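Each chain, written out:
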Amino acid sequence: MTKANQHPLEKIMESRIAIIDGAMGTTIRTYGMKEADIRGERFKDSTKDLLNNGDLFSITQPKMICDIHRRFLEAGADIIETNTFGATSITQSEFFVEDPREHGGRKDPEFYQKIIDDPMLGSLAWEINEQSALQCREWADRVGSATSRQRFVAGAIGPLTVSLSNSPDADDAGFRVVTFDQVKTAYMQQVRALIAGGVDLLLVETIFDSLNAKAALVAIRDVFDQDGKELPVMISAAVGRGGETLISAQTTEAFWNAVEHAKPLSVGLNCSLGPDLMYPFLEELSEKANVAISCYPNAGLPNPLSETGFDLGPPDMARYLGDFAREGMINIAGGCCGNTPEHIAAIAKALEGMPPRELVRNGRAA
């Protein structure tokens, strides 16, 4: 069934499985970057280590980030994600603000209000999101034109370093370090910057705290309503061995029920346990949800002795994702941690020509 305002990605998913890219962090590590590389001249005097702040590379090493986007696109990705997994003022504060706990204090809503109001952190978060979106946009359009195949940019909206669902204080179950409105405000800024940079989609991903994700979805809705521009939204959760989101402990079905109201383009699972252990939870989600299903697992479980830090190589991921496709469970496929451009190329080749999962709405095939 073709809708009058059907998004081009929806049209693609009617005929084949769309491919999403792999792990930015894993691929960055293959470039051998050091602390001095991420600091550059601009951040050379920072008092905290920055090397784990991978989003910052979009500012200090844009050529490397663009090269990674190019490689994923040439591997066959239809969708590439912006390098903005932690690009909110809240998460960036971990790298630029002194931790009050080191001096007998604590992080609480008063502390995070200062973070939200900090003009430097706000400006930095905006810059990372906008620049990363522009970098993705350039290469998606360049490779799309060269191959006569449209590519799409997903604005990556990751989890935070704080939880709305759980208290960090064992003696005070009601305590939260941050408020819902503070989280929503940080996400609204990220959403606006991603849209300013030209993304096609918004991807709320690696959800392990469903209440944080709800704040992100409310932020997206508020931006759409206030700014008069609307984009498709993709939603993807991380699950544990029991099929629950990792902090908020909702089951797979409960998670879907919690986000269905957002009317996403797709819902799915990513990161988590690797494709083999993810299988039963993906199967359940595929049976329950009436939208497209995405799946981009880790390359197995962590293994510090392997080249990528994870167990599974490209042929392994291709085999597992191929099995998911043969069972009619997926519409979008790719890889999370441990998945390099070589993994995505293998997945894309394995899924070539395979039919996508059939969408069923209101008991009828769409």
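Predicted, not measured: the structure shown is a model, and the values here were computed from it.

Analysis parameters
- Residues numbered from 1 in each chain as written.
- Predicted model: local features only at pLDDT ≥ 70, side-chain atom pairs only at ≥ 80, totals over all residues.
- Heavy atoms only, no water.
- Helix = DSSP H or I, 4+ residues; strand = E, 2+ residues; numbered from the N terminus.
- Buried < 20%, exposed > 50% of the residue type's maximum accessible area, 1.4 Å probe, protein only.
- Areas by Shrake-Rupley, 256 points an atom, 1.4 Å probe, with all protein chains shown as cover.
- Lys, Arg positive; Asp, Glu negative; His and termini not counted.
- Charge placed at Lys NZ, Arg CZ, Asp CG, Glu CD.
- Pairing = 2+ DSSP bridges.
- Right-handed = clockwise from strand over helix to strand, strands pointing away.
- Core = buried A, V, L, I, M, F, W, Y, C linked by side-chain atoms within 4.5 Å.
- Contact = heavy atoms within 4.5 Å.
- Phe/Tyr/Trp six-rings, centres within 6.5 Å; stacked < 30°, edge-to-face > 60°.
- Lys NZ or Arg CZ within 6 Å of the ring centre and 35° of its normal.
- Polar contact = N/O pair within 3.5 Å; in protein donor to acceptor, adjacent residues only side chain to side chain.
- Arc of directions from axis to C-beta.
- Salt bridge = Lys/Arg side-chain N within 4 Å of Asp/Glu carboxyl O.
- Axes fitted to C-alpha atoms, helices over the stretch in contact; angles between N-to-C directions.
- Parallel < 35°, antiparallel > 145°, perpendicular 65-115°, else oblique.
- Left-handed = near helix turned anticlockwise from the far one by under 90°.
- Nonpolar A, V, L, I, M, F, W, Y, C, P; charged D, E, K, R; others polar.

Visitor: How do you make sense of the overall build of the chain when you look at a structure like this?
Guide: Tallying secondary structure elements over the chain gives 14 helices and 10 strands in all. Here the C-alpha coordinates of the chain stretch approximately 60 × 45 × 40 Å along the principal axes. Taking all 366 residues of the chain together, 56% fall into the buried category. Element-wise, carbon and sulfur atoms account for 51% of the exposed surface of the chain, whose accessible area totals about 15500 Å². Across the chain, 35 positive and 51 negative side-chain charges occur, with their mean positions spaced 4 Å apart.

Visitor: Sorry, what's going on with the pairing of strand β5 (residues 233–237) here?
Guide: A regular strand places its side chains so that they alternate between the two faces of the sheet. The buried fraction of β5 amounts to 5 of the 5 residues, a majority that puts the element mostly inside the structure. The alternating pattern of β5 places Val-233, Ile-235 and Ala-237 and Met-234 and Ser-236 on opposite faces, both of which are buried. Sheet analysis places strand β4 (residues 201–207) next to β5, joined by 4 bridges and oriented parallel. Counted as the bridge partner of Ile-207 is Ala-237 from β5. For the crossover that starts at β4, traverses helix α10 (residues 210–227) and ends in the parallel β5, the hand is right-handed. Pairing of β5 with strand β6 (residues 266–271), which is carried by 4 bridges, proceeds in the parallel orientation. Of the residues in β6, the one forming a bridge with Ile-235 is Val-267. With respect to chirality, the unit in which β5 leads through helix α11 (residues 252–259) into the neighbouring parallel β6 is right-handed.

Visitor: Please clarify how the nonpolar core should be interpreted in this entry.
Guide: It is characteristic of soluble globular proteins that their nonpolar side chains tend to be buried jointly. Formed by 97 residues in total, the largest nonpolar core has its most connected members in Val-267 and Ile-330. Sequence-distant contacts of Val-267, defined by excluding residues within four places in its chain, comprise Ile-235, Phe-255, Trp-256, Val-259, Leu-285, Ala-289, Val-291, Ala-292, Ile-293 and Ser-294. Counting residues in each nonpolar core, the second largest holds 18 residues, with Ile-12, Leu-201, Leu-203 and Ala-238 among its members.

Visitor: I keep staring at the packing of aromatic side chains and nothing clicks. Help me out?
Guide: In this description, a pair of aromatic rings is defined by centroid distance and the angle of the planes. As enumerated under the stated definition, the model contains 3 aromatic pairs in all. Here the aromatic rings of Phe-111 and Tyr-112 are separated by 4.9 Å at their centres, their planes lie at 85 degrees, and the arrangement is edge-to-face. Side by side, Phe-111 and Tyr-112 carry an identical accessibility label, which is buried. Consider the rings of Tyr-279 and Phe-324, whose centres lie 5.8 Å apart with planes at 40 degrees: the pair is tilted. Note that Tyr-279 is positioned in helix α12 (residues 275–288) and Phe-324 in helix α13 (residues 314–326), a separation of 45 residues in sequence. Overall, the relative accessible area of 2% leaves Phe-324 in the buried class. The residue whose ring lies beneath Arg-106 is Phe-175, and the NZ or CZ to ring-centre distance is 3.9 Å. Lying over the aromatic face of Trp-139, Arg-142 brings its terminal NZ or CZ to 4.1 Å of the ring centre.

Visitor: Whenever I open this one, the environment of Ser-248 confuses me. Can you help?
Guide: When you line up the elements, Ser-248 lands in the loop between β5 and α11. On a C-alpha basis, the gap between Ser-248 and Glu-230 in space is 28 Å, while along the polypeptide they are 18 residues apart. In this structure, Ser-248 is in contact with Ser-165, Asn-166, Phe-208, Asp-209 and Ser-210, ignoring residues within four places of it in sequence. A distance of 2.8 Å separates the side chain of Ser-248 from the side chain of Thr-245, its partner in a polar contact.

Visitor: Can you walk me through helix α7 (residues 109–117) in this structure?
Guide: Since one α-helical turn is 3.6 residues long, residues separated by three or four positions face the same way. When we look at burial in α7, the residues that qualify are Phe-111, Tyr-112, Ile-115 and Ile-116. Along the axis of α7, the buried positions cluster into a sector of 140 degrees, meaning they face one direction only. Residues of α7 that are exposed and point over 90 degrees away from its buried face: Glu-110, Lys-114 and Asp-117. On its buried face, α7 sits against α6 (89–96), α8 (119–147) and α9 (180–196).

Visitor: I tried to follow the sheet that holds β4 on my own but got confused; where do I start?
Guide: Sheet strands line up and pair through hydrogen bonds in the backbone, either parallel or antiparallel. In spatial order, the strands read β1-β8-β7-β6-β5-β4-β3-β2; together these 8 strands make up an open sheet with parallel pairing. Of all strands in the sheet, those with a lone pairing partner are β1 (18–19) and β2 (79–81), marking the two edges. In this sheet, strand β8 (residues 332–333) lies alongside strand β7 (residues 292–297) in parallel orientation, the contact comprising 2 bridges. When the sheet's bridge partners are listed, Ser-294 is paired in β8 with Ile-332.

Visitor: Looking at this structure, I do not really get the pattern of salt bridges. What am I missing?
Guide: Note that side chains of opposite charge can pair when their charged atoms are close. Overall, the coordinates contain 21 salt bridges when judged by the stated rule. For the salt bridge of Lys-107 with Glu-94, the shortest nitrogen-to-oxygen distance reads 3.1 Å. Of the two residues, Lys-107 is situated in the loop between α6 and α7 and Glu-94 in helix α6; the sequence distance between them amounts to 13 residues. Note on Lys-107: relative accessible area 10%, which makes it buried. The partner of Arg-192 in a salt bridge is Asp-227, with the nearest N and O atoms 2.8 Å apart. Of the two residues, Arg-192 sits in helix α9 while Asp-227 sits in helix α10, which places them 35 residues apart along the sequence.

Visitor: When you look at the packing of α6 against α8 in this model, what are you seeing that I'm missing?
Guide: Following both chains from N to C, one finds α6 and α8 inclined at 115 degrees, their axes separated by 9 Å at the closest point. The angle between α6 and α8 places the two elements in the roughly perpendicular class. The two elements α6 and α8 meet at a crossing, and its hand is right-handed. When α6 is examined against α8, the residues Ser-89, Gln-92, Ser-93 and Phe-96 are found in contact with a partner set consisting of Met-120, Leu-121, Gly-122, Leu-124, Ala-125 and Ile-128. Of the residues in the contact of α6 with α8, the class split is 6 nonpolar, 4 polar and no charged.

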